[in-house]
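Each chain, letter by letter, is given below.
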Amino acid sequence: MAFLSYFTAFSLVVVVYSKPNVLFVVSDDLRPALGTYGNSRVMSPTIDALANRSLVFTRAFVQQAVCGPSRTSFLTGRRPDTTRLFSNRGKYWREAAGNFTTLPQYFKENGYFTASFGKVFHHGSVSGNNDDSPYSWSIPPYHAPTQKFTTAKVCSNPDGSLHRNLLCPVDVSKQPDATLPDIQITDQAIQLLNNHLPTQPFFFAIGYHKPHIPFKFPKEYLDYYQLENIDLPLNRHYPPGLPTVAWEPWSDVRKREDVIALNVSFPYGPMPDDFSRRIIQHYYAATTYMDDQFGRVLNSLRENGLDNNTVIVFFGDHGWQLGEHQEWAKFSNFETATRTPLLFHIPPSINDTFVPSRSDKLVELVDLMPTLSDVCGLAIPPTCPANSTNIRVCTEGHSFSPLLYNPSLPWKSAVFSQYPRPGDKPSEDTDSPMLANITIMGYSIRVKQYRYTEWIGFNHTDFTADWSDVHARELYSHEDDNEENVNLAGDEKYADIVSRLTDMLKEGWRAALPGKRAAS
């Protein structure tokens, strides 16, 4: 049965509704390298135009910088230690942790028509091998048929031979089915918008694959970025004070044929400067390609007269390191991996007190479930107790909807991320360890002035952390070191700060909620 026919059949019963629609868009591996975030080199006209009509969060953070755990976290409104998912190879939360209600499921159960296009949940075992369908979605999730060619040898070398490369600008007309996944995702979303009948409010979730590797996109997008204009990061070397347990050896990048040909040493590299420039160039081009596809959806929303009653949320599932600290991926607790763009737009017809602005308040993606519920007039899910295994509807986030109407309000004093490791030194499975191999967890706290991370012993069988078993510490001052180059954790002058941030880490996210303590 064609995808659209599901929607047509579902729309036979007419129901008058007043709740706003939701367009929920997530881009894979998108760091805040966008015009609206101050990167004038990147062409992102769609996102920048939306930013002018949105509240732009400049300090939004993920709970873990890898796709599966991050998406499971923000889609369930619970943190990785609760979902018990720490890699893309883990178990479905409904089997491993509890029968938790998801964000789209909550909207579906409150009268919304919910649909998924592309990579919203991470595919595979972590979402039940069916993108949590039918719990979360009114119709089967749509995946682009050409996504099956992601690891195929479709990237041309100068000699015309085909390879499985990291850098993969293509002639779309010569690709399988003469298209690409994000184009197909956009086409399908537009088709459903064009045929939307006013029967129910909708929650449409679109997950773009780019700029995730491989950097496969229409080759003409490279024309926007001349290689001689690409700057390398100034901090592109291994930080002298970085503990080995904190290092991520970018193993997924190393598996691509063009990178293999460079014979870069494991685990530290470095990547050659000329190839580094090409990676940055291709990442930017992939971002512009994604931005154009997103623009097509927003044009369709407007052309169908739906923009005045649709809340739009746009963000990345985590960041991506472009050579900072000699690293090329995510898989860490650095700011470049854990920070993401986040734009929130509310049309005046929904709430005329919303004023587009910018906010430097600390927010987390786990906050999206309670925030969207509040904005759309649904009951805000209650805050989860310490053990929420048997509680179907609750959240470990906190609605930031008050900031949408008053961005200057006092807010969270801290936000939290984490990353697991199989050992103290880099290995082949450092970036994505199986649960049975996890022995260390890096818990990271970001306050206004500092980022602090403790790498401590972790028991993967009962999911407990041993705060007495400290393997390493990191402390970075964002007053004078936004790039997180100088680890101050061992400096006696910062001993009191380390002690205070250790206490905050142990107290956890509940103690950092608005009103609990002053922002640090």
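Each remark here, short or long, concerns the structure printed above.
Residues numbered from 1 in each chain as written. Predicted model: local features only at pLDDT ≥ 70, side-chain atom pairs only at ≥ 80, totals over all residues. Heavy atoms only, no water.

How would you summarise the overall build of the chain if you had to cite specific residues and measurements?
Looking only at helices and strands, one finds 14 helices and 16 strands in the chain. Relative to the compact-globule value of 24 Å for 520 residues, the chain shows a C-alpha radius of gyration of 22 Å, a close match. If you line up the chain on its principal axes, its C-alpha atoms span 65 × 60 × 40 Å. Taking all 520 residues of the chain together, 61% fall into the buried category. Long-range pairs, those at least 24 residues apart, make up 74% of the contacts in the chain between residues at least 6 apart in sequence. (Helix = DSSP H or I, 4+ residues; strand = E, 2+ residues; numbered from the N terminus. Rg over C-alpha atoms; globule rule 2.2 N^0.38 Å. Buried < 20%, exposed > 50% of the residue type's maximum accessible area, 1.4 Å probe, protein only. Contact = heavy atoms within 4.5 Å.)

Account for the pattern of salt bridges, naming residues and giving values.
If you walk through the whole model with that rule in mind, you get 18 salt bridges. With a shortest N-O distance of 3.2 Å, Arg392 and Glu109 are connected by a salt bridge. With a gap of 283 residues between them, Arg392 in the loop between helix H12 (368–375) and helix H13 (401–405) and Glu109 in the loop between helix H6 (103–108) and strand S3 (113–118) connect regions that are remote in the sequence. Each member of the salt-bridge network shares a partner with another, and the members are Asp28, Arg71, Lys119 and Asp317. (Salt bridge = Lys/Arg side-chain N within 4 Å of Asp/Glu carboxyl O.)

So, the state of the cysteines: which residues are in play, and what are the values?
As used here, a disulfide is simply a covalent bond connecting the sulfur atoms of two cysteines. One pass over the full model with this rule turns up two disulfides. Through a disulfide, Cys155 is tied to Cys168; the S-S separation comes to 2.2 Å. Here the S-S torsion is close to -95°, and the disulfide linking Cys155 with Cys168 is therefore left-handed. Placement of Cys155 in strand S4 (residues 155–156) and of Cys168 in strand S6 (residues 167–170) is noted, with a sequence separation of 13 residues between them. Accessibility assignment for this pair places Cys155 and Cys168 in one class, buried. A disulfide bridge connects Cys384 with Cys394, and the sulfur atoms are separated by 2.0 Å. Classification of the bridge connecting Cys384 and Cys394 rests on its S-S torsion, roughly 95°, and on that basis the disulfide is right-handed. Note that Cys384 is positioned in the loop between H12 and H13 and Cys394 in the loop between H12 and H13, a separation of 10 residues in sequence. Here Cys384 falls in the buried class, since its relative accessible area comes to 1%. The class of Cys394 is buried, set by a relative accessible area of 1%. Cysteine pairing for the chain (bonded cysteines numbered in sequence order): 1-2, 3-4. (Disulfide = S-S within 2.5 Å.)

Which residues make up the packing of aromatic side chains, and what values do they have?
Considering all chains together, one arrives at 29 aromatic pairs under this definition. Their ring planes at 55° and their centres at 5.2 Å tell us that Trp247 and Tyr268 sit as a pair that is tilted. Highlighted residues: Trp247 in the loop between strand S8 (215–218) and helix H8 (251–254) and Tyr268 in the loop between helix H9 (257–260) and helix H10 (273–303), separated in sequence by 21 residues. When its relative accessible area of 27% is taken as the criterion, Tyr268 is described as partly exposed. Ring geometry for Phe294 versus Phe314: centroids 5.0 Å apart, planes at 15°, classification stacked. Highlighted residues: Phe294 in helix H10 and Phe314 in strand S9 (residues 310–316), separated in sequence by 20 residues. For Phe294, a relative accessible area of 0% translates into the label buried. Three or more aromatic residues joined by ring pairs form one cluster here, namely Phe24, Phe74, Phe107, Tyr112, Phe203 and Phe315. The ring of Trp250 has Arg254 sitting right over it, with the charged end atom 3.8 Å from the ring centre. Lying across the ring of Tyr37, Arg358 places its NZ or CZ 5.9 Å from the centre. (Phe/Tyr/Trp six-rings, centres within 6.5 Å; stacked < 30°, edge-to-face > 60°. Lys NZ or Arg CZ within 6 Å of the ring centre and 35° of its normal.)

Account for the packing of helix H7 (residues 181–194) against H10, naming residues and giving values.
For the pair H7 and H10, interaxial distance at closest approach is 9 Å and the crossing angle is 5°. By the angle class used here, H7 and H10 are roughly parallel. Contact residues: Asp182, Ile183, Thr186, Asp187, Ile190, Leu193 and Asn194 in H7; Tyr289, Gln293, Arg296, Val297, Ser300 and Leu301 in H10. Among the residues forming the contact of H7 with H10, the class breakdown is six nonpolar, four polar and three charged. (Axes fitted to C-alpha atoms, helices over the stretch in contact; angles between N-to-C directions. Parallel < 35°, antiparallel > 145°, perpendicular 65-115°, else oblique. Nonpolar A, V, L, I, M, F, W, Y, C, P; charged D, E, K, R; others polar.)

Give a detailed account of the pairing of strand S2 (residues 55–61), specifying residues and quantitative values.
With six of seven residues buried, S2 lies mostly within the body of the structure. Pairing analysis gives five bridges linking S2 to strand S10 (residues 339–345), with the strands arranged antiparallel. By the bridge assignment for S10, Phe57 is matched with Leu342. Looking at chain direction, S2 and strand S11 (residues 357–359) are connected through three bridges and run parallel. When the bridges of S11 are listed, Leu55 appears paired with Ser357. The pairing of S2 with strand S12 (residues 363–364) spans two bridges and is classified as parallel. Paired with Ala60 across the strands is Val363, a residue of S12. (Pairing = 2+ DSSP bridges.)

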